[in-house]
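Overview (structure and organization)
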Amino acid sequence: MTSPRQVLTKLGLSAHKGRGQHFLADPNLAGKIVKLAGVGPDRTVLEIGPGLGALTGPLLESGARVLAVEIDLGLAKYLNEELAPRFPGRLTVITEDILKVSLEEAARPAGGRLTIVGNLPYLISTPILLKLIQSRRVVDGAVLMFQRELADRLLAGPGGKTYGRLSVLLGYWARTTRLLDLSPQAFHPRPKVGSTVLALAFKDSPQPELKSPQVFERVVAAGFGRRRKTLRNALLTVFPADRVDAALAEAGINPGRRAETLSAVEFVHLANAIAVDRPEGSSP
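Residues numbered from 1 in each chain as written. Predicted model: local features only at pLDDT ≥ 70, side-chain atom pairs only at ≥ 80, totals over all residues. Heavy atoms only, no water.

So, about unusual backbone geometry. In this model, H188 is joined to P189 through a cis peptide bond whose omega is -15°. Along the chain, P189 turns up in the loop between β8 (187-188) and β9 (195-202). (Helix = DSSP H or I, 4+ residues; strand = E, 2+ residues; numbered from the N terminus.)

Take a look at the structure:
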C-alpha cells in the first residue's frame, strides 16, 4: 500500500480540512477492520468516505460488492481509475454527499440489505448516525471509525457528562461494541486525537416497544437540549405542561431529575406516556 501522502502528491491533491479528511495509512489495520466487519461474496457494502481506498481494496478482495460514497471529485476519479478496473462490476462510486443518499434505494439491488463501513468525518458523524437509525431496516450492521471522544459518548451509560442524546438513541436501537482503538499515527494527516472503531448491530425488536419513535426522539432531544435544567423544565420547551406532568407521573419519574440520569428504558416509558393515544406521526 503506497502511503497516502505519496498518492495525494502524485494526484495533485491534499487532505481537505473542511471535510475532516484523515486517510488510513496502515494496511494491516485496514485488513483487520474489514475482517471484523465480516463481509464476503454475499454482501453489499456501502462505504462512507472511501478516500484513497484503504478499506475499499480489502472490502473488494473479500468478494463483496462495494458502493463507495465519495463527495470529493478528485478522490472519486482516483477510485474509478485505479480500483474499479481491478474488480469489474463490483465497485460503484457514488459522487454525492452521504446525507443526500437514500440508503433504501441503494439497498434495493442488494435485496434490501446493506452493510455500512466507513471512516466518518467528525463534523458529520452525528447526522450520519441519525440517518443510519432512520434507515435501520435496510442496514445489516455497521463498522465505523469515530473520533475517540465521540465513540466514548456513544458507549456511555447514565450519570456522566459523556452520556447524551446519541447514547440513548443507540442504546435503544442498537447493540454497540468497541472493536479497536487507533492512534493518530495510523492516519495521514495525523489527527490531534485517537480514533475508535465501533460495530453497530440494530435490534430486530427493541424493548420496551415504542408507541412513537418520533416522540421518543423529541423527548430525548428536549431532555439533553437543556442539560442544566430539570427534566420537567427541559420538556416544557417542547411539550404542554399538563402532558409533561401527567407523563412524568405515569412513568414514575421524579420531575426534578436531569436527563443524564435516565436510562434508555426510562426515556422509552416517558415517551410512551407522552405519546399515549396519539397516532404515529402526529404532533404530541
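So, on to the packing of aromatic side chains. If you walk through the whole model with that rule in mind, you get 4 aromatic pairs. An angle of 80° between the planes, with centres 5.8 Å apart, marks the rings of Y163 and F224 as edge-to-face. Placement of Y163 in the loop between α7 (148-155) and α8 (165-173) and of F224 in helix α9 (residues 213-225) is noted, with a sequence separation of 61 residues between them. In this structure, Y163 and F224 share a single accessibility class: buried. The interplanar angle of 35° and the centroid separation of 5.7 Å between the aromatic rings of F224 and F267 together place this pair among those described as tilted. Note that F224 is positioned in helix α9 and F267 in helix α12 (residues 264-274), a separation of 43 residues in sequence. Side by side, F224 and F267 carry an identical accessibility label, which is buried. (Phe/Tyr/Trp six-rings, centres within 6.5 Å; stacked < 30°, edge-to-face > 60°. Buried < 20%, exposed > 50% of the residue type's maximum accessible area, 1.4 Å probe, protein only.)

Grouped together as the largest cluster of nonpolar side chains are 61 residues, with contacts concentrated most on L46, I116, F146, F216, V219, F267 and L270. In terms of residues, this core owes the most to one element, α12, which gives 7 residues. Excluding its chain neighbours within four sequence positions, the residues that come into contact with L270 are V219, L231, L235, A247, L248, A251, I253 and L262. If you look at the next biggest cluster of nonpolar residues, it comprises 37 residues, including A37, V66, A76 and V93. (Core = buried A, V, L, I, M, F, W, Y, C linked by side-chain atoms within 4.5 Å. Contact = heavy atoms within 4.5 Å.)

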